[in-house]
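Structural characterization, general
Residue strings, one per chain:
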Amino acid sequence: MEVKIENMVFGWHEELPEMFIELLNTLVLTKNEQDVRGVMEVFARKELFNALFAFGYGAHHLWVTQKKASDPDQCLENRLLIVEF
């Protein structure tokens, strides 16, 4: 498992940095793909998380990106972090 932060966080919402750190701290404790998916199921149930971030899966990784402050239906161009499993 490897967690990589790929870009800086834009703190346009006062709770965004705290939510990101909570996610990051939780992900670094995962041991395998099943753990990562379990963590993301928990975060996906949080309304605030869904308002601030989007995520998805590739064949062997999880990606997370930040949503735009101006249009929460769109995401910033670059990934925020990737977890390779």
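Up top you'll find the structure we're talking about.
In short, a report on the structure. (Residues numbered from 1 in each chain as written. Predicted model: local features only at pLDDT ≥ 70, side-chain atom pairs only at ≥ 80, totals over all residues. Heavy atoms only, no water.)

Regarding the nonpolar core
Let me state the cut-off plainly: By convention a nonpolar core is built from buried Ala, Val, Leu, Ile, Met, Phe, Trp, Tyr and Cys residues, the set being connected through side-chain atoms within 4.5 Å. When a residue's accessible area, from a 1.4 Å probe over protein chains only, is under 20% of the maximum for its type it is buried; when over 50% it is exposed; and in between it is partly exposed. Only DSSP runs of H or I covering at least 4 residues are called helices, and only runs of E covering at least 2 are called strands; the numbering of each starts at the N terminus. Any two residues having at least one pair of non-hydrogen atoms within 4.5 Å are treated as being in contact.
If you look at the biggest cluster of nonpolar residues, it comprises 18 residues, and the most contacted ones within it are Leu23, Leu27, Met40 and Phe53. When residues of this core are traced back to their parent elements, those giving at least two are α1 (16–27), α2 (33–44), α3 (47–52), β3 (61–66) and β4 (81–84). In terms of residues, this core owes the most to one element, α1, which gives 6 residues. Other than its neighbours up to four places away in sequence, phenylalanine 53 contacts Leu16, Met19, Phe20, Val64, Thr65, Gln66, Lys67 and Leu80.

Overview of α1
Quick reminder of the rule: By this rule, a helix spans an expected 1.5 Å times one less than how many residues it contains. Starting at the helix axis, one direction is taken to each C-beta atom, and the arc is that of these directions.
In a regular helix each residue adds 1.5 Å, so 12 residues correspond to 16 Å; α1 covers 16 Å between its end C-alpha atoms and thus fits that length. Taken residue by residue, α1 has Leu16, Met19, Phe20, Leu23, Leu24 and Leu27 as its buried positions. Projected down its long axis, α1 shows its buried positions confined to an angular sector of 130°, all on one face. Looking at the buried residues of α1, the elements they touch are β1 (2–5), α2, α3, β2 (53–57), β3 and β4.

A word on the packing of α1 against α2
Which entries qualify depends on this criterion: Here an angle of 0 to 180 degrees is reported between the N-to-C directions of two axes, which are lines fitted to C-alpha atoms, with helices fitted over the stretch in contact. Reported orientations rely on four angle classes, namely roughly parallel under 35 degrees, roughly antiparallel over 145, roughly perpendicular from 65 to 115, and oblique for the rest. Crossing chirality is assigned from the near helix's rotation relative to the far helix, an anticlockwise turn below a right angle marking it left-handed and a clockwise turn marking it right-handed. Just so you know the grouping, Ala, Val, Leu, Ile, Met, Phe, Trp, Tyr, Cys and Pro go in nonpolar, Asp, Glu, Lys and Arg go in charged, and all remaining residues, Gly too, go in polar.
In contact at an axis separation of 10 Å, α1 and α2 are set at 155° when each is read in the N-to-C sense. Taken as axis vectors, α1 and α2 run roughly antiparallel relative to one another. Relative to α2, α1 is oriented so that their crossing is right-handed. Mapping the contact onto sequence places Met19, Glu22, Leu23, Thr26 and Leu27 in α1 and Val36, Val39, Met40 and Phe43 in α2. Considering only residue class, the contact of α1 with α2 consists of 7 nonpolar, 1 polar and 1 charged.

Here's the deal with the pairing of β2
Condition: In this analysis, strands are considered paired if DSSP registers two or more bridges between them.
As paired strands, β2 and β3 are joined by 5 bridges and run antiparallel to one another. Within β3, the residue paired with phenylalanine 53 across the bridge is glutamine 66. Linking two consecutive strands that pair antiparallel, namely β2 and β3, is a turn of 3 residues.

Notes on the sheet that holds β2
If you trace the 4 strands from one edge of the open sheet to the other, you get β1-β4-β3-β2, paired in antiparallel fashion. In this open sheet, the two edge strands, each paired with only one partner strand, are β1 and β2. The average angle at which neighbouring strand axes cross in this sheet is 15°, direction not considered. Bridge analysis of β3 against β4 gives 4 bridges, and the strand direction is antiparallel.

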